[in-house]
Amino acid sequence: MNVNSTVIGKPISRVDGRLKTTGAARYAADHRPVEGRPLHAVLVKSSIASGRITGFDLSALQSMSGFVRFVSHLDGALIRTIKNPVDGAFAAGEEYTPFENDRVHFVGQHIGLVVAQTLEVAEAAAKAVVVDYETSAARIEFADPTAEVRQPDLYNTGEELQVSRGHVEAGLVEAVEIVKATYTTPIEHHNPIEPSATLAVWDGDHLTIYDATQGSVNDKNYVAFGMSVDPKNVRVLNPFIGGGFGCKGFTWPHTLIAAAAARAVEQPVLLVLSRKDMYTSCGHRPYTEQEVTLAADADGVLTATRHRTQSYRSLVGDHVEPCGMTTAMLYQCDNLEVTHSVRVLNRPSGTPLRSPGEAPGTFALESAMDELAEKLGMDPVDLRRRNHTDIDQRNGRKWSSKHLLECYDRGAEKIGWGRRKAPGQWRDGNDLVGLGMATACYPGYRMPTQTRLTLDRDGTLHVGVAVQDIGTGLYTVLAQMVAERFGTSPENVRVLIGDSDLPPGPLAGGSMTTASVAAAVDDGCRALSEKLRARLVDMGHTPGNEPLVIDGGALRSGPLSVPAAEVIPTDVHEIVAEGGSDDTYGFTGGVETDKSFYSFGAIFAEVRIDRDFGIIRVPKMTGVFDVGRVINAKTARSQMLGGMTFGIGMALMEETFIDDKTGRFVNPSLGEYYVPVNADVNEFDVEMLDIPDYDFNPFGARGLGEISNVGASAAIANAVYNATGIRVRHLPIRLDDLLEDLPR
Ligand code: MOS
């Protein structure tokens with residue numbers, strides 16, 4: 001099937017790299033309407049956590065030159081009431097309708113929008129809006145005893161959140177060692193470099209939106225519903241996105257508000273969220289408290305596992321941080337209980353953030369595994385090998401392809417695991433040195449995807465699909481896939497994505513785009529190939545059985561070579577074929593299969609801790625991953641570097657503080673929310689086993705991205721323990737967690 005294996009897997013530089021490095025790539029806020037200038041919009045947000053709006057005093061605005069309009073719930077039904085999910089047609093970040101009524105559910109809720117001639121006037125006017133509230137009692141504190149507690153049944157993938165098998169109590173009795181500990185992870189924010197932005201342009205009842213979104217099709221359906229127009233009349237364009245990590249995944253109210261305001265003022269409206277807006281307008285990863293119990297016999301075989309996650313949700317968003325789902329799947333264990341509960345609080349809404357569930361969940365699980373190994377006197381890698389399974393523990397199915405044991409072996413070898421010493425025993429000058437590791441994993445997801453393949457008279461191939469490159473390398477990967485199928489170079493392929501008018505594809509979420517487009521591209525290429533062969537036959541040629549090659553402006557099959565300009569009739573300019581796959585994998589209700597699809601890996605970290613000051617550095621991280629076939633070694637490696645960097649941030653730096661009295665996020669800026677910078681990132685060693693998984697799709701790729709920060713924070717936490725003998729069970733780990741007890 002593979003025509004040209006010199007394309008797939010190669011470390012080809014991004015085809016869009018030049019556009020990006022020269023500034024020619026245009027992001028949502030860079031676009032301008034074809035005619036005229038847009039008006040600028042700034043959000044007015046609630047400053048109370050619970051209550052109602054009793055009025056706005058706009059007197060200061062009327063005299064502002066350039067002020068155009070203030071939009072709020074007092075304008076009546078600008079937006080159709082949204083009940084999510086509506087026929088499964090879209091996924092919204094919050095299940096409420098902006099400006100529907102006078103209610104306030106959290107600090108930072110959108111309660112109005114100022115539209116003005118310039119950004120400066122819009123900002124000044126938004127500040128000048130005086131809001132009168134009637135406040136009511138707010139539940140903000142995590143431990144608020146009056147907060148409603150819910151046990152949701154399902155995650156948004158359809159997977160069970162409450163899992164039970166065997167008898168945990170019986171397994172505990174069998175054990176010789178038990179670890180029972182509570183781990184916490186903080187509120188974290190996505191902080192993509194590009195803030196969310198929407199330019200909404202109406203032309204009659206047709207709406208064009210330039211949006212910083214991870215899902216143009218979802219965006220289109222959501223906005224069409226909210227604006228009461230046919231989805232056919234809405235076009236969402238997102239050719240370039242400056243990162244998302246989940247906060248641009250489900251569509252958030254600000255996009256709808258911009259569209260509604262543009263219709264109200266009958267002019268294009270540009271709304272760019274401020275960094276501060278980004279902390280309350282498009283989700284975060286909620287705080288989690290996870291109680292993990294692991295029990296093992298003398299050989300280290302797990303006899304019982306319990307993972308209880310407590311988190312919270314807002315009043316208007318239903319995100320649950322699904323920390324225990326990994327635990328239910330990963331290690332052989334017959335007696336298991338996984339539960340999730342959420343408290344309903346007057347806080348902004350949570351949403352998926354890179355590896356939702358897996359990232360905080362494996363911090364707890366993989367820290368507990370490290371603690372168990374310590375108690376048993378076992379090597380942490382050996383403990384994981386001992387409990388390795390070839391069967392998905394949730395459903396009894398075999399994995400389509402699993403090479404985790406090789407990941408452990410390679411990773412241990414590469415980091416020099418043999419150098420590891422007992423906790424607190426390894427000193428180098430003034431540093432305490434430690435090694436730690438953890439298992440990484442991430443589900444294999446696939447969603448229905450359609451694609452259009454075109455050959456033009458120059459012999460150039462075009463592939464079109466409404467997916468988006470959020471910085472991952474999808475433009476390049478698509479070019480490579482099509483190039484391989486037609487035995488040509490990626491330079492002969494034009495990639496059209498980032499436009500909801502193209503054949504529909506999924507959100508850029510769940511690390512699923514590559515695997516989803518793989519099946520669609522394969523089918524589209526087959527369809528185009530068949531059309532071209534039929535055309536060659538019509539022309540009197542007899543193409544052989546050899547695969548059709550399209551290169552150098554000609555179609556070739558065996559000895560036959562015909563210029564594309566001859567194959568394509570002059571009156572049509574191009575030959576177009578449609579293809580795709582309706583298959584869903586990894587979500588409930590997907591393809592019936594006897595296999596389970598997951599990616600695995602192992603992350604190893606070396607830390608050095610200054611003995612006087614407790615400063616933690618990560619001089620080296622090794623990640624070895626089994627993610628199916630790698631389509632582009634360079635962009636794949638970059639994904640892994642990014643994820644492991646995320647892991648450093650999660651382990652040592654990232655935390656959003658909330659004021660329990662007011663419900664405000666205290667540090668909503670990149671000045672006070674710390675993320676890793678170049679100086680924090682040292683030697684990264686990334687290896688991918690590159691073993692194709694053809695059960696998953698015809699290119700054998702399982703998709704990658706999120707897996708690389710799963711386990712990363714636990715590997716670092718475990719290394720900190722190994723260096724110091726101090727077990728820190730919360731994130732981030734900071735020097736003040738160590739200072740007092742450091743071995744001197
Ligand atoms: Mo991601 S958190 O699946 O955008």
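So, how was this worked out
Residues numbered from 1 in each chain as written. Predicted model: local features only at pLDDT ≥ 70, side-chain atom pairs only at ≥ 80, totals over all residues. Heavy atoms only, no water. Helix = DSSP H or I, 4+ residues; strand = E, 2+ residues; numbered from the N terminus. Rg over C-alpha atoms; globule rule 2.2 N^0.38 Å. Buried < 20%, exposed > 50% of the residue type's maximum accessible area, 1.4 Å probe, protein only. Pairing = 2+ DSSP bridges. Salt bridge = Lys/Arg side-chain N within 4 Å of Asp/Glu carboxyl O. Contact = heavy atoms within 4.5 Å. Polar contact = N/O pair within 3.5 Å; in protein donor to acceptor, adjacent residues only side chain to side chain. Axes fitted to C-alpha atoms, helices over the stretch in contact; angles between N-to-C directions. Phe/Tyr/Trp six-rings, centres within 6.5 Å; stacked < 30°, edge-to-face > 60°. Lys NZ or Arg CZ within 6 Å of the ring centre and 35° of its normal. Patch = residues over 30% accessible without salt bridge, like charges linked within 9 Å, V, L, I, M, F, W, Y side chains within 5 Å. Areas by Shrake-Rupley, 256 points an atom, 1.4 Å probe, with all protein chains shown as cover. Lys, Arg positive; Asp, Glu negative; His and termini not counted. Charge placed at Lys NZ, Arg CZ, Asp CG, Glu CD. Expected span 1.5 Å × (residues − 1). Domains from an automatic or database assignment. Buried area = accessible area lost by both parts, 1.4 Å probe. Nonpolar A, V, L, I, M, F, W, Y, C, P; charged D, E, K, R; others polar.

Enquirer: Please explain the overall build of the protein as it appears in this structure.
Expert: On a plain count of helices and strands, the protein comes out with 16 helices and 30 strands. Here the C-alpha radius of gyration of the protein, 27 Å, is about what a compact globule of 744 residues would show, namely 27 Å. If one aligns the C-alpha atoms of the protein with their principal axes, the spans along those axes are about 80 × 80 × 50 Å. Evaluated residue by residue, the protein yields a buried proportion of 62% over its 744 residues.

Enquirer: Where do I start with the pairing of strand 14 (residues 288–296) in this structure?
Expert: Residues in a regular strand point their side chains to alternate faces of the sheet. Burial runs high along strand 14: 7 of the 9 residues are buried. With 9 bridges connecting them, strand 9 (residues 177–185) and strand 14 associate as antiparallel partners. Paired with Val-179 across the strands is Leu-294, a residue of strand 14. Here 8 bridges tie strand 14 to strand 15 (residues 302–313), and the two strands are oriented antiparallel to one another. Paired with Ala-296 across the bridge in strand 15 is Leu-302. Hairpin geometry of strand 14 and strand 15 is characterised by an intervening segment of 5 residues between the two adjacent antiparallel strands and by a positive phi of about 90 degrees at Gly-300.

Enquirer: Teacher, can you tell me more about the pattern of salt bridges here?
Expert: Opposite charge on two side chains permits them to pair, given that their charged atoms come into close proximity. A complete count under the given rule lists 46 salt bridges for this structure. When the shortest N-O distance is used, the salt bridge between Asp-75 and Arg-69 registers 2.8 Å. Among the residues examined, Arg-69 registers a relative accessible area of 27% and is labelled partly exposed. Measuring nitrogen to oxygen at the nearest pair gives 3.1 Å for the salt bridge that ties Arg-526 to Glu-530. With Arg-526 and Glu-530 both in helix 12 (residues 513–538) and 4 residues apart, the pair spans about one turn of that helix. Taking relative accessible area as the criterion, Arg-526 reaches 38% and is therefore assigned partly exposed. One connected set of salt bridges, linked through shared partners, spans Glu-169, Glu-291, Arg-306, Arg-308 and Glu-337.

Enquirer: I would appreciate a short explanation of the environment of Arg-702 in the present structure.
Expert: Assignment of secondary structure puts Arg-702 in the loop between strand 30 (683–688) and helix 15 (712–724). When its relative accessible area of 1% is taken as the criterion, Arg-702 is described as buried. In this structure the C-alpha to C-alpha distance between Arg-702 and Phe-600, which are 102 residues apart in sequence, comes to 10 Å. Setting aside anything within four residues of it in sequence, one finds Arg-702 in contact with Ser-400, Ser-401, Ser-511, Ala-515, Tyr-598, Ser-599, Asp-626, Val-627, Gly-628, Asp-693 and Phe-696. In this structure the side chain of Arg-702 is engaged in a polar contact, spanning 3.0 Å, whose partner is the backbone oxygen of Tyr-598. A polar atom in the side chain of Arg-702 sits 2.8 Å from the side chain of Asp-693.

Enquirer: Please clarify how the sheet that holds strand 30 should be interpreted in this entry.
Expert: For sheets, the rule is that strands pair by backbone hydrogen bonds, running either parallel or antiparallel. If you trace the 5 strands from one edge of the open sheet to the other, you get 18-19-28-29-30, paired in mixed fashion. A strand with exactly one partner marks an edge of an open sheet, and here the two such strands are strand 18 (427–428) and strand 30. Of the pairings in the sheet, the one linking strand 28 (residues 598–610) to strand 29 (residues 616–626) comprises 9 bridges and is antiparallel in character. Within strand 29, the position partnered with Phe-600 by the bridge is Asp-626. Its contacts with the sheet put helix 10 (residues 404–415) on strand 19 (431–443), strand 28, strand 29 and strand 30, and the angle it makes with strand 28 is roughly 25 degrees.

Enquirer: Where do I start with the packing of aromatic side chains in this structure?
Expert: The description of an aromatic ring pair uses the distance of the two centres, along with the angle that the planes make with each other. For the structure on display, the rule yields 19 aromatic pairs. A ring pair is formed by Tyr-585 and Phe-696, whose centres lie 5.5 Å apart and whose planes are at 75 degrees; its orientation type is edge-to-face. Of this pair, Tyr-585 sits in the loop between strand 26 (574–581) and strand 27 (595–596) while Phe-696 sits in the loop between strand 30 and helix 15, placing them 111 residues apart in sequence. Cluster of aromatic residues (ring-pair linked, three or more members): Tyr-27, Phe-240 and Tyr-475. Sitting over the face of the ring of Phe-646, Arg-354 holds its NZ or CZ atom 5.0 Å from the ring centroid. The ring of Trp-426 is capped by Lys-421, whose NZ or CZ atom sits 4.9 Å from the centre of that ring.

Enquirer: I keep staring at the environment of Pro-732 and nothing clicks. Help me out?
Expert: Within the fold, Pro-732 resides in the loop between helix 15 and helix 16 (735–738). Counting along the chain gives 547 residues from Pro-732 to Thr-185, while the straight-line C-alpha distance between them is 7.4 Å. Contact partners of Pro-732, with chain neighbours within four places excluded, come to Pro-186, Met-650, Ala-651, Leu-652, Met-653, Glu-654, Glu-655 and Asp-737.

Enquirer: What is the right way to look at a negative patch on the surface in this model?
Expert: Taken together, the side chains of Glu-35, Asp-203, Asp-205 and Asp-230 present a region of like negative charge at the surface. Tracing the backbone shows Asp-230 in the loop between helix 5 (216–226) and strand 12 (234–237).

Enquirer: Please explain helix 14 (residues 633–652) as it appears in this structure.
Expert: In an α-helix, one turn spans 3.6 residues; hence positions three or four apart end up facing the same way. Helix length check: helix 14 (20 residues) gives 28 Å between terminal C-alpha atoms against 28 Å at 1.5 Å per residue, within 8%. Taken across its 20 residues, helix 14 has 15 buried, putting it largely inside the fold. Capping the start of helix 14, Asn-632 holds a side-chain oxygen 2.8 Å from the backbone nitrogen of Lys-634, two or three residues further along.

Enquirer: Explain the sheet that holds strand 23 (residues 549–551) here, please?
Expert: Sheet architecture is open: 3 strands sit in the order 23-24-25, paired in antiparallel fashion. Sheet topology places strand 23 and strand 25 (560–563) at the edges, where each strand pairs with a single neighbour. Averaged over all pairs of adjacent strands, the angle between their axes in this sheet comes to 25 degrees, without regard to strand direction. Relative to strand 24 (residues 554–557), strand 23 runs antiparallel, the two being bridged by 3 bridges. Across the sheet, residue Val-549 finds its bridge partner in strand 24, namely Arg-556. The sheet strands contacting helix 12 are strand 23, strand 24 and strand 25, and the helix crosses strand 24 at an angle near 90 degrees.

Enquirer: Is there a simple way to think about the domain arrangement of the protein in this case?
Expert: By convention, interface size is frequently given as the accessible area that disappears when the constituent parts associate. Partitioning the protein into structural domains gives domain 1 (17–25 + 447–581), domain 2 (31–137 + 193–243 + 248–281) and domain 3 (288–445 + 592–741). Measuring from the centre of the C-alpha atoms in domain 1 to the corresponding centre in domain 2 gives 37 Å. Facing the 17 residues of domain 1 at the interface are 19 residues of domain 2. For domain 1, the biggest contributors to the area lost against domain 2 are Ile-470, Ser-500 and Leu-507; these three give 37% of the whole. Remark: the boundary between domain 1 and domain 2 carries 2 salt bridges. Partitioning the side of domain 1 that touches domain 2 into residue classes produces 8 nonpolar, 5 polar and 4 charged.

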